[in-house]
Structure formats: structure tokens, C-alpha cells
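In case you want the letters, here they are:
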Amino acid sequence: MLTDRSDTSTTVAEGLRTDGHEIVDLCLPDPASPLTCRGLVEHRCPLDEGADLAITALQHPQDAPSAGTVCARRAGVPVVSLGRHDVTHPDLGSALARVAELGDDHVTATVQVALQQVLAEMGIDDGDVVLHRDAVCEQIVATVRGPLDDPTRSRIAVRLLDAATASGRHGRRRDVAVRSA
């Protein structure tokens, strides 16, 4: 979350924590300089550890540097910018959760397309992809009909890993498993 410690950002953070979400601030907790990038000072960015959603919640969004937003987009993390009027939405937590889920849907769809392409090249009829995520890892599980030898499994896994990486989501370890149905 990129915040300026205003009432706007405090309201959003408190509401999300109440709903059970973990909030990590991209800026250092320095009231004198509220938009100081944590990554530049601490040499590690919270986005590198993985994030489901990046939120900018600023009293005056037009006054903020876009660095947090740019970093989030480069990491492939969906971004939502909230202003002071958005924080009173009664379903804000649920709406933000749905946006975060879209990030997973995008990766899953991208990997599913890659699976269908590689299976068509190999003359295999059908397969399915399921994506599981936690705070540090995306696990991509592909299920393919029929027996598969190890070189074929490896070829499919490499293509799926490449598709997931190209989807733009970064900051998480990725594991790929290819199973026979």
C-alpha cells in the first residue's frame, strides 16, 4: 500500500486489516517524509516478497509520485488507486479482494492458453490448469490425459513456466507440476 498517512489511507488500511487482510506499506513510517520508498532505504521492496494487490490511498492522489504504482505494475501486481471519497464505499474490502482475484485469473488464463498450444503441437487432446497461490509461491498444476514420459512432462512444464513469467506477475516463486489423468 502506498499511503501518505492521511485520514484517507488510515481509513483504508484499518478497514482492510479488520477484514483480515495483511497490509504492507511501500513507504517508511516517517511522518516528516511520508512518501519515502522503503526499497530505496532498506534495499528491499515489499513487492519483491509478493503481493496480491497494490493500493494507493492518498488524500491528494495527484500530488503523489507514481513510483509505487510504477513498481507494482512492473511486478505485475494489479493496482487500485483510491481517493478520499472511495474509502467510504460499504463494500470496499470485497471489491478489492475481487480485483486481486483477477490477477490470478489472468495468470491462469495465460497458462491455460500455453498448455493448449503445447498440447496441440504434441498431438495431445486436452489438458487443464489449476493455479494455487500463497504468500510466497504460485503452484501451477497441469493435468493432461494419457501417459506422459519425463521429457514430455519437462517440455510442458517449461512452456507453462515461461507463460506464467511472461504474464507479468513477479515476486513469487513458481512451481510447475504436470500430471497424467
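Here, every reference points to the structure presented above.
First, a word on what this report is: a plain description of the structure on this page. Worth saying up front: this structure is predicted, and the values here are computed from it rather than measured.

What counts, and at which threshold
Residues numbered from 1 in each chain as written. Predicted model: local features only at pLDDT ≥ 70, side-chain atom pairs only at ≥ 80, totals over all residues. Heavy atoms only, no water. Helix = DSSP H or I, 4+ residues; strand = E, 2+ residues; numbered from the N terminus. Buried < 20%, exposed > 50% of the residue type's maximum accessible area, 1.4 Å probe, protein only. Contact = heavy atoms within 4.5 Å. Areas by Shrake-Rupley, 256 points an atom, 1.4 Å probe, with all protein chains shown as cover. Core = buried A, V, L, I, M, F, W, Y, C linked by side-chain atoms within 4.5 Å. Pairing = 2+ DSSP bridges. Axes fitted to C-alpha atoms, helices over the stretch in contact; angles between N-to-C directions. Expected span 1.5 Å × (residues − 1). Arc of directions from axis to C-beta.

Before going further, it helps to spend a moment on the overall build of the protein chain. Along the backbone of the protein chain there are five helices and six strands. N-terminal to C-terminal, the α/β element order of the protein chain is β-α-α-β-α-β-α-β-β-α-β. Sorting the 181 residues of the protein chain into buried and exposed places 40% on the buried side. Across the protein chain, contacts joining residues at least 24 apart in sequence account for 65% of those joining residues at least 6 apart. Per element, the accessible surface of the protein chain, about 10000 Å² overall, is 53% carbon and sulfur.

What follows deals with the nonpolar core. Membership of the largest hydrophobic core comes to 19 residues, with the highest contact counts inside it found for V111, L115, V144, I156 and L160. When residues of this core are traced back to their parent elements, those giving at least two are helix 4 (92-122), strand 4 (127-133), strand 5 (137-144) and helix 5 (150-166). Ranked by residue count, the leading element in this core is helix 4, at six residues. When near neighbours in sequence (up to four residues on either side) are disregarded, V144 contacts L115, L119, I124, D126, G127, I156, V178, R179, S180 and A181.

Glancing now at the environment of P46. Looking at the element boundaries, P46 is found in the loop between helix 2 (38-42) and strand 2 (54-57). Under the relative-accessibility criterion, P46 is labelled buried at 8%. In this structure the C-alpha to C-alpha distance between P46 and D25, which are 21 residues apart in sequence, comes to 7.7 Å. Sequence-distant contacts of P46, that is, excluding residues within four places in its chain, are made with V24, D25, L26 and R38.

Below, the discussion takes up the sheet that holds strand 4. The sheet built from three strands is open, its strands ordered 4-5-6 with mixed pairing. Each edge of the open sheet carries a strand with a single partner, namely strand 4 and strand 6 (173-180). On average, each strand axis in the sheet is tilted by 15° relative to the strand beside it, whichever way the strands run. Relative to strand 5, strand 4 runs antiparallel, the two sharing seven bridges. Within strand 5, the position partnered with R133 by the bridge is E138.

Before going further, it helps to spend a moment on unusual backbone geometry. Across residues other than glycine, the phi torsion is negative in most instances, and most of the peptide bonds are trans. Its identity is not glycine, yet H43 carries a phi of approximately 60°, on the positive side. Checked against the element boundaries, H43 lands in the loop between helix 2 and strand 2. Among the residues examined, H43 registers a relative accessible area of 70% and is labelled exposed.

Turning our eyes to something else, we now look at helix 5. Between its first and last C-alpha atoms helix 5 spans 24 Å; for 17 residues at 1.5 Å apiece the expected length is 24 Å, and the two agree. If you check which residues of helix 5 are buried, you get T152, I156, A157, L160, A163 and A164. Buried residues along helix 5 cover an arc of 130° about the axis, so they all sit on one side. In helix 5, the exposed positions angled more than 90 degrees off the buried face are occupied by D150, P151, V158, D162 and A166.

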